[in-house]
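Working through the structure, step by step
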Amino acid sequence: MPDRIVVPLVSILGLLALWAGAAALTADPQILPFPWALAEPFGQAIRSGELPYHLGRTLTRVAWAFCLAMGGGVALGLAMGRLPRFDRWLDPWLVVFLNLPALVLIVLCYLWIGLTETAAIVAVTLNKIPQVTTVIREGARALSRDLDAMAQVYRMPPLARLRHVVLPQLAPFMVAAARSGIAVIWKIVLVVEFLGRSDGIGFQIHLYFQLFDVTMVLVYALSFVAVMLAVEWLFLQPWERRIRRWRAA
């Protein structure tokens, strides 16, 4: 079995062992249950259909916000990195939105748009676009001038230049933006659901928080963490390895 599979599994087992040790020291399942104590409530939540439903609602919001934030952030970052005048105009805006607390944007979107699905997705997207833009802008600034000159000499059309010259060089920065983006977006989605939605993982965590049910809070939180780990291992890491092979070649 490859090390890239064995090492993460051993690391997760170590984390579970640390959790079990902390639960043993606490000696109170209402504060911190043992990891295996989540198995029965987890199974009940799946059989009842509640966990799949709420997980699906959260994943839908994450997918929409991720696609919109990546699309907008890549376009803005590329433009700001390639056009100095455009960068000077938008840099103050970028700094403002980077330092604006996520909670403020969420509350404002709910106040301006209403407690709707649109407001939830807009709030998450606006929180993430500045971070993606910053990463992609640095990548655009680092593009090879020699490759740009070669593309001009061969009179490559704009779309061909973007596909064959620009995007391959931006790929590592896009992976970094996607990895940090998916991690931040799902956390913000939970806050959005906690504050103003009637379904989703965040809503369920809010519900069980009011009931002081630590076990179910952990069941819903860890179910989504497991999905995000699957996305990381099945999609983002293979994409990153493919990019590294291309750059090494």
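Refer to the structure above for everything that follows.
Attention in this report is confined to the structure presented alongside it. (Residues numbered from 1 in each chain as written. Predicted model: local features only at pLDDT ≥ 70, side-chain atom pairs only at ≥ 80, totals over all residues. Heavy atoms only, no water.)

Moving on, we come to helix 4 (residues 84-99). Relative to the 22 Å expected for 16 residues at 1.5 Å per residue, helix 4 spans 22 Å between its end C-alpha atoms, a close match to the ideal helical length. In helix 4, a bend of some 45° at Leu-90 exceeds every other bend along the element, and Pro-92, a proline, comes one to four places later. When helix 4 is considered as a whole, its buried residues turn out to be Asp-87, Leu-90 and Leu-94. Contacts made by the buried residues of helix 4 are with helix 3 (50-82) and helix 6 (117-141). (Helix = DSSP H or I, 4+ residues; strand = E, 2+ residues; numbered from the N terminus. Expected span 1.5 Å × (residues − 1). Bend = angle between axes of the 7 residues up to and from the residue. Buried < 20%, exposed > 50% of the residue type's maximum accessible area, 1.4 Å probe, protein only. Contact = heavy atoms within 4.5 Å.)

Following the criterion strictly, the structure yields 11 salt bridges and no others. Here Arg-61 makes a salt bridge to Asp-199, at a shortest N to O gap of 2.4 Å. Placement of the pair is Arg-61 in helix 3 and Asp-199 in the loop between helix 8 (158-196) and helix 9 (201-210), with a sequence separation of 138 residues. The buried category is assigned to Arg-61, whose relative accessible area is 3%. We classify Asp-199 as buried; its relative accessible area is 9%. In this structure, the salt-bridge partner of Arg-137 is Asp-87, at a minimum N-O distance of 2.9 Å. (Salt bridge = Lys/Arg side-chain N within 4 Å of Asp/Glu carboxyl O.)

Taken together, the side chains of Leu-103, Val-107, Leu-111, Trp-112, Ile-113, Val-191, Phe-194, Leu-195 and Phe-209 make up a nonpolar region of the molecular surface, amounting to roughly 910 Å² of accessible area. Of all the elements in the fold, those that place two or more residues in the nonpolar patch are helix 5 (102-113) and helix 8. Among the elements that take part in the nonpolar patch, helix 5 stands out by supplying 5 residues, more than any other. Inspection of the secondary structure assignment puts Val-191 in helix 8. (Patch = residues over 30% accessible without salt bridge, like charges linked within 9 Å, V, L, I, M, F, W, Y side chains within 5 Å. Areas by Shrake-Rupley, 256 points an atom, 1.4 Å probe, with all protein chains shown as cover.)

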